[in-house]
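# Observations on chain architecture
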Amino acid sequence: MRTVFEFGEFTIDADQRRLVRRASEEVVPLTPKAMDALIYFLEHRQELLDKDTLLAAIWPNVTVEENSLTQTISTLRRVLGEARGENRYIATIPGRGYRFVAEVAQRSAGPQRTLAVLPFRPLVPEDRNESLEIGMTETLITSLNALRDLTVCPLTSVLRYGVFDRDATAAGKELGVESVLEGSLQRQGGRLRVTARLIRVSDGRQIWSSRFEEDFTTLFDVQDSIAHRVTEALAGELGGARPHRLVKRFTEDAEAYQLYSNGRLAWSRFSKAGLMQAIAFFKEAIAHDERYARAYTGLSDCYGTLAVMGIRAPRVVFPLAREAVAKALEIDPLLAEAHATLGHIKAQYENDWRGAEQAYTRAIELDPNYTMSYVYRGILSGYMGEIDRGVTDLRLAQKLEPLWAPPKACVGMLLYFGRRYAEAITELEQTLAADEGSDHARRFLGRACLRTNQIERALTEFGRCRNPTPGSFGDTGQSLALLGRRTEALAELRRLERQSAAEYVPSYDLATIAASLGEADQALNWLDRAVAERSTLLGWLRIDPAFDSLRGNARFESIVVRLGLSAPPGGGSE
């Protein structure tokens, strides 16, 4: 069950952290700390809460200045529409603290219903039209997401089930959903026949089915028409009450759409080959439709990922990423994924932590079901040392993409940086049990082993990786140094230095090896170079265990200050 509070003109789902203005059903954006404060006030309504209590609740285990609380409450009052001195919701008790004074109704809401739409299949394999199949599936996903209290798996989670011999019930169990919608397509001349059925995953029972026919005018017209009719039919079965909303078209070119879908699938593999393939797909999609905003966003994501993985220098590819996402937002200022991508650029390249958070908040406001907004925001929280908050966002991403490894691997990554090594190892082992090809998970498993004196195991895990991942160039050298094999560690450092003369090798990674060898000046020189090259790993610098030997070093601390990471997490940001 979910906890829901109603007060004044607002409703807040505390579990989904979603504030809505009831009359218009408008989602009201709140910064994470303002949301924390509001939920805590509602849970302790009519209680006098002193400043120390609120600071401890909103910034647990972190020391922040009282001004941070004042700014957060000021932000909350402004968002709720309180005039200065009005105290309609939050009353200030001079010298004592604050009290939430509005009348509050608390209720429990039913659990969020979950559904997966599996890729529609042709009745005859030879009649396959992938643009039609994928387009029908995504249009239905978008349309069904308009139903209240229903979460629908995104397209990237279900694409792997577009095979002819799939088991719908087994797919539903793997995806962790209550029900599955599957269907078939048959085109005969100018008519399209669609058969759809809803299956309950727990027992495999068919609970609804229907057949639809439409004149085949244009690809997108028929998708919209069928999606509308299926959604209307399923609204009663699934308990949905929200009216149907029009599904937004991002392109009228079916070939561009197919290329975009292929690009997203290639990007989601997070390998060098996959990223280069995705770039080609997105560029070709743009060639078909130069106003295709989503294709520009996909292209931007590819460039940014190349830098994050250490494949290309940030100064080379992030300007391309910035240019592409700017084009996407010029075409469609309300495209959620473009705002999330912009936030990622701000965090990974521009060190604009506040701007990144604002971009993620806007993305989630525009589309609360876009997975990467939560992944990116979770990583940003990790940068600020707010590990639990980051894990919360990543768990939301996992719910949206239950079979996709990156959100799970990032949970392990945050636990590692939070020095919760046993938890990190458990999380990462579970990730690899589900997807043994996740090099990101395997790298951080190896690093957690390094910090728990399982260094030989760490070397084994690093040796099993096939693709570069964030920070991966320094893993072997660190391991050798920590094993006391200094000569070999130095040789590895020299090898990477020579390699960096011919191709990009992140200076941050080289700094981790030098720090592990106790070469402080050399490590700091490499960190200075990392700052100059805009390394994407610099957000972790303040808490990265690899640099524990440099803590307290004035030169090291000055680098942290230059990056704007010296303030306590949340301090003065809200």
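Residues numbered from 1 in each chain as written. Predicted model: local features only at pLDDT ≥ 70, side-chain atom pairs only at ≥ 80, totals over all residues. Heavy atoms only, no water.

What follows covers the overall build of the protein chain. The helix and strand tally for the protein chain stands at 24 helices and 13 strands. Dimensions along the principal axes, computed over C-alpha positions, put the protein chain at roughly 75 × 65 × 45 Å. Taken as a whole, the protein chain presents about 23,600 Å² of accessible surface, with 48% of it coming from carbon and sulfur. Each charge sign in the protein chain was given a centre, from 72 positive and 77 negative side chains, and these centres are 1 Å apart. (Helix = DSSP H or I, 4+ residues; strand = E, 2+ residues; numbered from the N terminus. Areas by Shrake-Rupley, 256 points an atom, 1.4 Å probe, with all protein chains shown as cover. Lys, Arg positive; Asp, Glu negative; His and termini not counted. Charge placed at Lys NZ, Arg CZ, Asp CG, Glu CD.)

Quick look at unusual backbone geometry now. Of note, N351 is a non-glycine position whose phi angle comes to about 55°, a positive value. Counting through the fold element by element, N351 comes out in the loop between helix 12 (336-348) and helix 13 (353-366). Among the residues examined, N351 registers a relative accessible area of 23% and is labelled partly exposed. Positive phi, close to 65°, is recorded for R419, a residue that is not glycine. Within the fold, R419 resides in the loop between helix 16 (405-417) and helix 17 (421-434). On the basis of relative accessibility, which here comes to 35%, the residue R419 falls in the partly exposed class. (Buried < 20%, exposed > 50% of the residue type's maximum accessible area, 1.4 Å probe, protein only.)

All right, on to the packing of aromatic side chains then. Summed over all chains, the structure comprises 22 aromatic pairs. Aromatic pair F270 and W404: ring centres 5.8 Å apart, planes at 25°, arrangement stacked. Of the two residues, F270 is situated in the loop between helix 8 (254-267) and helix 9 (272-288) and W404 in the loop between helix 15 (387-400) and helix 16; the sequence distance between them amounts to 134 residues. Exposure remark for F270: the relative accessible area of 22% places this residue in the partly exposed category. One aromatic cluster is present, formed by W353, Y383, Y416, F417, Y421, F444 and W540 through successive ring pairs. Positioned over the ring face of F250 is R294, at 4.6 Å from the centre of the ring. (Phe/Tyr/Trp six-rings, centres within 6.5 Å; stacked < 30°, edge-to-face > 60°. Lys NZ or Arg CZ within 6 Å of the ring centre and 35° of its normal.)

A separate point is the pairing of strand 3 (residues 18-21). Strand direction decides the pairing type here: strand 2 (residues 10-13) and strand 3, joined by 4 bridges, are antiparallel. The partner of I12 across the bridge, within strand 3, is L19. (Pairing = 2+ DSSP bridges.)

Our next topic: the packing of helix 18 (residues 439-451) against helix 20 (residues 475-482). The description of two packed helices rests on the angle between their axes and on the distance between the axes. Here helix 18 crosses helix 20 at 15°, and the two axes come no closer than 11 Å. Considering their axes alone, helix 18 and helix 20 lie roughly parallel with respect to each other. In this structure, the crossing between helix 18 and helix 20 has a hand that is left-handed. Residue-level contacts link R443, R447, L450 and R451 of helix 18 to D475, Q478, S479 and L482 of helix 20. (Axes fitted to C-alpha atoms, helices over the stretch in contact; angles between N-to-C directions. Parallel < 35°, antiparallel > 145°, perpendicular 65-115°, else oblique. Left-handed = near helix turned anticlockwise from the far one by under 90°. Contact = heavy atoms within 4.5 Å.)

We now examine helix 17. With 14 residues, helix 17 should reach 20 Å at 1.5 Å per residue; the first-to-last C-alpha distance of 20 Å fits that figure. Listed as buried for helix 17 are Y421, A424, I425, E427, L428, T431 and L432. In this structure, the buried residues of helix 17 make contact with helix 15, helix 16, helix 18 and helix 19 (455-463). (Expected span 1.5 Å × (residues − 1).)

Next up on the list: the nonpolar core. Within the largest apolar cluster, 150 residues are counted, with the highest numbers of intra-cluster contacts made by V117, L181, Y508, L527, W540, L541 and F547. Dropping the residues within four chain positions of it, L541 is found in contact with Y508, L527, F547, R551, F556, I559, V560 and L563. Counting 32 residues, the second-largest nonpolar core is a separate cluster that includes L19, L49, L69 and A102. (Core = buried A, V, L, I, M, F, W, Y, C linked by side-chain atoms within 4.5 Å.)

One pass over the structure, following the stated rule, counts 38 salt bridges. Two residues, K346 and D352, come together in a salt bridge whose shortest N-O distance is 3.6 Å. Judged by its relative accessible area of 15%, K346 is buried. With a relative accessible area of 27%, D352 lands in the partly exposed category. Connected through salt bridges with shared partners, the residues R17, K33, D36, E386 and R389 form a single ionic network. (Salt bridge = Lys/Arg side-chain N within 4 Å of Asp/Glu carboxyl O.)

Glancing now at the side chain of E492. Inspection of the secondary structure puts E492 in helix 21 (residues 486-500). Residue classification places E492 among the buried positions, given a relative accessible area of 13%.

With that settled, the discussion passes to the state of the cysteines. With the rule as written, the count across this model stands at 0 disulfides. With no disulfide of its own, C449 lies closest to C465 among cysteine sulfurs, the gap being 12 Å. Accessibility expressed as a relative area gives 9% for C465, which makes it buried. (Disulfide = S-S within 2.5 Å.)

Bringing the pairing of strand 2 into the picture now. Because side chains alternate across strand 2, one face comprises the buried residues F10 and I12, and the other comprises T11 and D13, equally buried. Hairpin remark: strand 1 (residues 2-7) followed by strand 2, antiparallel, with 2 residues in the connecting loop; positive phi at G8, about 50°. Count of turn residues in the strand 2/strand 3 antiparallel hairpin: 4 residues, of which R17 carries a positive phi of about 50°.

This part is about the confidence of the model for the protein chain. Per-chain confidence: the protein chain averages 87 in pLDDT, with 92% of residues scoring 70 or above. For the stretch residues 567-574, pLDDT sits under 50, and the model shows 29 contacts to residues farther than four places along the chain or on other chains. (pLDDT = per-residue confidence, 0-100.)

Right, let's get into the packing of helix 14 (residues 371-383) against helix 16. The contact between helix 14 and helix 16 brings their axes to 10 Å, and the two run at 10°. With respect to each other, helix 14 and helix 16 are oriented roughly parallel. Residue-level inspection shows T371, V375, G378, I379 and G382 of helix 14 in contact with helix 16, the latter providing P407, C410, M413 and L414. Here the residues of the contact of helix 14 with helix 16 are counted per class, giving 6 nonpolar, 3 polar and no charged. (Nonpolar A, V, L, I, M, F, W, Y, C, P; charged D, E, K, R; others polar.)

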